[in-house]
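Next come the chains, spelled out residue by residue.
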Amino acid sequence: MACDPTDGSLKKIIREIGQECAAQGQTVSESLVVFMVKAVVLDLRNDFNMDQILTKKEDVQNIIQLCVTRLLDTTNPALSTIKMQVYFDMNYANRVELLSEQYHVLERRLAPLVREITDSRPRVREEMQNIYCKIVSYMLLRCGLGSPLDIRVVREVTAALQSVFPQREMITFISLSKQNKEQQLKNLAMLVTGIRLYHRERGKGGSSIDDLPAILNEAIPSATQAVNECLNTCLTRAYRYTALLESVQEDQPRYAQLRSFKFREALFNVRQYEAFLCVLLSDAVTSAEEVAKVNVQFAATMEQLKNTVQSKVSVDTNEVFPLFVALADLWTSFQDEVLLLNFLTNMTNNLQQFSEIQSQLFPEELLTSLLEGVTVKTDEERIKETMGTRVNVSDFKHQEWLFPETTHNFDHLLIQYHSFCAYAIGVKGLTLPGNPAIGILKHKQRCYVFSSKEAAYIFAQDPDKYIQLIMDKAKEHAELIQLLELRHQFEYLAPCAQARNADKRFMNPTTKRDSNTQTDTHILPPTIVTSYEWNEWELRRKAIKLVNLRRKLTHALQTDLSHMRRENATQVYLPKDVGTQTKRDNSSNVPRPQTFLEGLRGASSPTTHVVKVDLTRAVDET
């Protein structure tokens, strides 16, 4: 079935369901009907397909009949749980969202008056006085200190405004732009508020201003106590329902006897009520801390202002105006806390109507009789019983377990199923608190806790199997989708508030280990290009400059009289005495050969005889 709320067939189904319930005397909201239609289609017992578009008239009528039956069954705790979830999703807002919405509401209310002041162009004195009166009205509505109809409040505001903005400055005010006028109006409102608070402290006025610090110091503990009382009552019932359901797990006759009481649906109801009360209690604690901090700052600022002003006739505005503005800011914080406290009180009171069915279906006498011989344990007692047990990591080769000493952000991990035992929900349908000390199983980037070591071992053997069991359980009981925070698996059915905060709340575990690393410093040469420019306007400026330089010529002229007049300087190296050494002169002596030939001139005989005579002397003889 296509479950797009904008689809025409779905709108028709929702309209017919609303009309049918109204005819039976039960008024239901459109959001509740939409959730119920999707829950009915999601239930596997009804044999509807989420991926198909309804075409048969019988299927449409069947859906309408099933939804009307569930919406009219006021004795079923599951319907109260779904109503509670829809109400909380449509009405709850955190501090930032609530204060932002309140600020926008105030701006919208003051917008017509601001428009009259900023758009006017008075020319005569009467018109300027009229605009000044409207500015006084703006101060009354903006500050929120006393009733605007009280003549004493009007006189105090007028006197405070005239001390910082006399009527003679209206001419300057009129000449400002619209935006500057709006800003000056806000600044004047802060100054007027600070002046009135100072006069109230000095006993010179401000009798109509409520003592917000005293009111908050009394109201916040009272509101916190009221939430705690509701939470304790809710937890007591959850412990009793859990004990009853545990006692019939092995006793089939007793299980058949108690099945008609719908204790399981009642357990889901009180657990959801507990979750919402914990959110409101956390907001109340935050408000108490904020009020204590603002109280200290307000007292310190007021004391500083008294020391600055004292009994002086005239004081520099640069000294006192910032202190007046600081007082106004701190008083605005008190007003915000009052608004938040009223919101939390209303939410707490309105949530009680969804738990009233508990006392109607299960009176105290009935629970007391059914609990005879049954031991009721609190969540703290269950966790304390298993504090000494822990999963042995060596028993699991393919599973990752997280422990406090090995995980850095152990206390801030996002545990699946609202920190309930994953095994108990899938197999027993019980919301037993999980004990992280046993070990947190990390499976497919999600973390699971368990109520006992045995449950952890069984779940870890086949996690996907038990996860599917929980999915089937949620399809059968649609209220579990929000209670167990199954927004990832049922995004089309999850409430809007959960869908918005889905990504914000997810946190991956960080495993701790000892490791050492060492890297070289500047292993790569620097690659900074100093001439690089990322700003295209700077590049354009340089381009224009270059284009302009191309059109410029530099000329130089030199004459006979000027070319010798310039000053020149040179630098030379002075001579220095340097000596070098070369090879030395040497000589050697050899024999001088002296050879003579005798008989070359011939003789009387016909035959010439030549005799060679060697007369070379030795070296040592020369």
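Preceding this section is the structure that the text describes.
This report concerns the structure included in the present document. (Residues numbered from 1 in each chain as written. Predicted model: local features only at pLDDT ≥ 70, side-chain atom pairs only at ≥ 80, totals over all residues. Heavy atoms only, no water.)

### Quick word on the overall build of the chain
Along the chain, the regular secondary structure elements total 23 helices and 5 strands. Here the chain holds 622 residues, and the buried ones make up 38% of them. As presented, the chain carries roughly 39300 Å² of accessible surface, and 50% of it is formed by carbon and sulfur atoms. (Helix = DSSP H or I, 4+ residues; strand = E, 2+ residues; numbered from the N terminus. Buried < 20%, exposed > 50% of the residue type's maximum accessible area, 1.4 Å probe, protein only. Areas by Shrake-Rupley, 256 points an atom, 1.4 Å probe, with all protein chains shown as cover.)

### Quick notes on helix α19 (residues 463-476)
Spanning 14 residues, α19 covers 20 Å between terminal C-alpha atoms, matching the ideal 20 Å at 1.5 Å per step. Listed as buried for α19 are P463, Y466, I467, I470, M471, K473, A474 and K475. Close packing links the buried residues of α19 with α2 (30-42), α17 (422-428), β2 (440-443), β3 (446-448), α18 (453-461) and α20 (480-483). (Expected span 1.5 Å × (residues − 1). Contact = heavy atoms within 4.5 Å.)

### Quick look at the sheet that holds β2
In space, the 3 strands of this open sheet follow the order β1-β2-β3, with antiparallel pairing throughout. Edge positions in the open sheet fall to β1 (400-402) and β3, since each of these has one partner strand only. Each strand of the sheet is rotated relative to its neighbour by a mean of 35°, with strand direction disregarded. Sheet topology note: the β2/β3 ladder contains 3 bridges and is antiparallel. Considered in β3, the bridge of H443 is made with R446. (Pairing = 2+ DSSP bridges. Axes fitted to C-alpha atoms, helices over the stretch in contact; angles between N-to-C directions.)

### Focus: the nonpolar core
Among the nonpolar cores identified, the biggest contains 75 residues, and F263, L351, W401, Y417, F450, F459 and L484 are the most heavily contacted of them. Inspection of this core shows a minimum of three residues originating in each of domain 3 (212-371) and domain 4 (379-489). (Core = buried A, V, L, I, M, F, W, Y, C linked by side-chain atoms within 4.5 Å. Domains from an automatic or database assignment.)

### Here we look at the pattern of salt bridges
All chains considered together, the criterion is met by 25 salt bridges. For the salt bridge of R271 with D379, the shortest nitrogen-to-oxygen distance reads 3.1 Å. Pair noted here: R271 is in helix α12 (residues 263-309) and D379 is in helix α16 (residues 379-385), with a separation of 108 residues, a long-range link. Per residue, the accessibility class of R271 equals that of D379, and both read buried. In the salt-bridge network here, residues are joined through shared partners; they are D43, R45, R70 and E476. (Salt bridge = Lys/Arg side-chain N within 4 Å of Asp/Glu carboxyl O.)

### Points about the packing of aromatic side chains
For the coordinates displayed, the defined rule picks out 21 aromatic pairs. Note on F165 and F173: the rings are 5.8 Å apart at their centroids and 75° apart in plane angle, and the pair reads as edge-to-face. Neither residue differs from the other here; F165 and F173 are each classed as buried. Summarising the aromatic geometry, the rings of Y241 and F263 are spaced 5.7 Å apart at their centres and angled 50° between planes, so their arrangement reads as tilted. Placement of the pair is Y241 in helix α10 (residues 212-247) and F263 in helix α12, with a sequence separation of 22 residues. Among the residues examined, Y241 registers a relative accessible area of 0% and is labelled buried. (Phe/Tyr/Trp six-rings, centres within 6.5 Å; stacked < 30°, edge-to-face > 60°.)

### Quick notes on α12
Along its 47 residues, α12 runs 68 Å from first to last C-alpha, staying within 8% of the 69 Å computed at 1.5 Å per residue. Count one or two residues on from α12 and you reach Q310, which has phi positive near 50°.

### Description of the side chain of R271
We classify R271 as buried; its relative accessible area is 2%. Apart from residues lying up to four places away in sequence, R271 is in contact with L235, A238, T242, D379, F420, T431, P433 and L483.

### Describing the environment of I209
Relative to the elements of secondary structure, I209 occurs in the loop between α9 (178-202) and α10. Since its relative accessible area comes to 7%, I209 is described here as buried. Residues I209 and L145, spaced 64 residues apart in sequence, show a C-alpha to C-alpha distance of 5.4 Å. When neighbours within four sequence positions are excluded, I209 is seen to be in contact with L145, R196, L197, R200 and W331.

### Topic: the packing of α10 against helix α13 (residues 317-351)
Running from N to C, α10 and α13 cross one another at 25°; their axes reach a closest spacing of 10 Å. Compared by their axis directions, α10 and α13 come out roughly parallel. Judged by the twist between their axes, the crossing of α10 over α13 is left-handed. Residues L212, P213, L216, A219, I220, A223, V227 and C230 of α10 form the contact with α13, whose participating residues are W331, F334, Q335, E337, V338, L341, T345 and T348. Of the residues contributing to the contact of α10 with α13, the split by class is 12 nonpolar, 3 polar and 1 charged. (Parallel < 35°, antiparallel > 145°, perpendicular 65-115°, else oblique. Left-handed = near helix turned anticlockwise from the far one by under 90°. Nonpolar A, V, L, I, M, F, W, Y, C, P; charged D, E, K, R; others polar.)

### Focus on the side chain of D283
When you line up the elements, D283 lands in helix α12. Buried charge without a salt bridge: D283, with R95 as the nearest opposite-charge side chain at an N-O distance of 6.8 Å. In this structure, D283 is in contact with Y92 and L344, ignoring residues within four places of it in sequence. (Lys, Arg positive; Asp, Glu negative; His and termini not counted.)

### A few points about unusual backbone geometry
With phi around 60°, Y417 is a residue other than glycine that occupies positive phi space. By relative accessible area, which is 2% here, Y417 ends up buried. The phi angle at S419 is positive, at roughly 65°, despite the residue not being glycine. Mapped onto the elements, S419 comes out in the loop between β1 and α17. What makes S419 partly exposed here is its relative accessible area of 35%.

### Looking at a nonpolar patch on the surface
Taken together, the side chains of V529, Y532 and W534 make up a nonpolar region of the molecular surface, amounting to roughly 440 Å² of accessible area. Summarising the element assignment, W534 is placed in the loop between α22 (502-505) and α23 (536-550). In this structure W534 comes out as exposed when scored by relative accessible area, which is 70%. (Patch = residues over 30% accessible without salt bridge, like charges linked within 9 Å, V, L, I, M, F, W, Y side chains within 5 Å.)

### Examining the packing of helix α5 (residues 95-119) against helix α6 (residues 125-143)
For the pair α5 and α6, interaxial distance at closest approach is 10 Å and the crossing angle is 175°. The orientation of α5 relative to α6 falls into the category roughly antiparallel. Together, Y103, L106, E107, L110, L113, V114, E116 and I117 of α5 and I131, K134, I135, S137, Y138, L141 and R142 of α6 make up the contact between the two elements.

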